[in-house]
Amino acid sequence: MDTLAHGLWGGAAFGQKPNQWKWAFILGMCPDLFSFGPFFLTHIGDIGERWAHHHFGPPDHRMIPAYVYHAYNVTHSLVIFAVLAFIAWKLYGRDAWPIGAWGLHILFDIPTHSTRFFPTPYLWPFHTPFVDGYPWAHARFMLINYACIGLTYLMISFYRSRSTAR
């Protein structure tokens, strides 16, 4: 799933209390931001050039440095997430609720990444049986995903308006 969608789903699922939405939104994007962010920032010209020539698919895997793969393993592991969530829960109690958006990110990535390009290593550092999912970058998936996000936020808004009207 794309990074923005992860943030929006994280905000919807874990950002229902005041001041939690922004944290859930950010934490929902963190696995991608921490793994791909540095590479993206240091290769913005190359990426812009690819997009200018309508090359929107994944780049050649040899173009991506090893540190991105290592960071991806760490940030997309439910094992690492569980440790971080436990620490956050111990330190912040119920205020740590938005960190669940990070775990949701990983769960959404498992069926939306193919084994050909960044399959989700959800059990790292242990052996992970990769799932050959439906790639999120397909137009049909993107359309359905954002329609579901919009519907979810409409339902949340409707529920809130009914709750405050009572």
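Residues numbered from 1 in each chain as written. Predicted model: local features only at pLDDT ≥ 70, side-chain atom pairs only at ≥ 80, totals over all residues. Heavy atoms only, no water.

Draft legend 1. Representation of helix α1 (residues 3-14) within the structure. An ideal rise of 1.5 Å per residue puts 16 Å on twelve residues; α1 measures up with 16 Å between its terminal C-alpha atoms. Those residues of α1 that fall on the buried side of the exposure criterion are A5, H6, G7, L8, W9, G10, G11, A12 and F14. (Helix = DSSP H or I, 4+ residues; strand = E, 2+ residues; numbered from the N terminus. Expected span 1.5 Å × (residues − 1). Buried < 20%, exposed > 50% of the residue type's maximum accessible area, 1.4 Å probe, protein only.)

Draft legend 2. Just the packing of aromatic side chains, in detail. The tally for this structure, following the rule as stated, stands at ten aromatic pairs. Ring centres 4.8 Å apart and planes at 10° place the aromatic pair Y69 and F118 in the stacked group. A residue pair is termed long-range when its members are at least 10 positions apart, and Y69 in helix α4 (residues 66-75) and F118 in the loop between α6 (100-109) and α7 (139-165) qualify at 49 residues. Assessed through its relative accessible area of 28%, Y69 is described here as partly exposed. Following the ring pairs from residue to residue traces out a cluster consisting of F36, Y69, Y72, F117 and F118. (Phe/Tyr/Trp six-rings, centres within 6.5 Å; stacked < 30°, edge-to-face > 60°.)

Draft legend 3. Summary view of the side chain of H6. Note that H6 resides in helix α1. Since its relative accessible area comes to 2%, H6 is described here as buried. A distance of 2.8 Å separates the side chain of H6 from the side chain of D109, its partner in a polar contact. With residues near it in sequence (within four places) discarded, H6 still touches M1, G28, D32, H105, F108 and D109. (Polar contact = N/O pair within 3.5 Å; in protein donor to acceptor, adjacent residues only side chain to side chain. Contact = heavy atoms within 4.5 Å.)

Draft legend 4. Representation of the nonpolar core within the structure. Ranked by size, the top nonpolar core spans twelve residues in total: M1, A5, L8, W9, F14, A24, F25, M29, A101, L104, F141 and I149. Setting aside residues up to four positions removed in sequence, M29 forms contacts with T3, L4, G7 and H105. One finds A85, A88, A96 and W102 within the second-largest nonpolar core, a separate group that totals eleven residues. (Core = buried A, V, L, I, M, F, W, Y, C linked by side-chain atoms within 4.5 Å.)

Draft legend 5. The arrangement of the environment of A82 in detail. Within the secondary structure, A82 is located in helix α5 (residues 78-92). Measuring from C-alpha to C-alpha, the distance between A82 and W23 comes to 18 Å, with 59 residues separating the pair along the chain.

Draft legend 6. Broad picture of the packing of helix α2 (residues 21-42) against α4. Axis separation between α2 and α4 bottoms out at 7 Å; the angle between their running directions is 165°. Viewed along their axes, α2 and α4 adopt a mutual orientation that is roughly antiparallel. Considering the relative orientation of α2 and α4, their crossing is right-handed. Counting all contacts with α2, which are made through P31, F34, S35, F36, P38, F39 and T42, the residues of α4 involved are Y67, V68, A71, Y72 and T75. Its residues assigned to classes, the contact of α2 with α4 shows nine nonpolar, three polar and no charged. (Axes fitted to C-alpha atoms, helices over the stretch in contact; angles between N-to-C directions. Parallel < 35°, antiparallel > 145°, perpendicular 65-115°, else oblique. Left-handed = near helix turned anticlockwise from the far one by under 90°. Nonpolar A, V, L, I, M, F, W, Y, C, P; charged D, E, K, R; others polar.)

Draft legend 7. Geometry of α4. The set of residues buried in α4 consists of V68, A71, Y72 and T75. Taken down its axis, α4 places every buried residue within 105° of arc, on the same side. Those residues of α4 hidden inside the fold are in contact with α2 and α6. (Arc of directions from axis to C-beta.)

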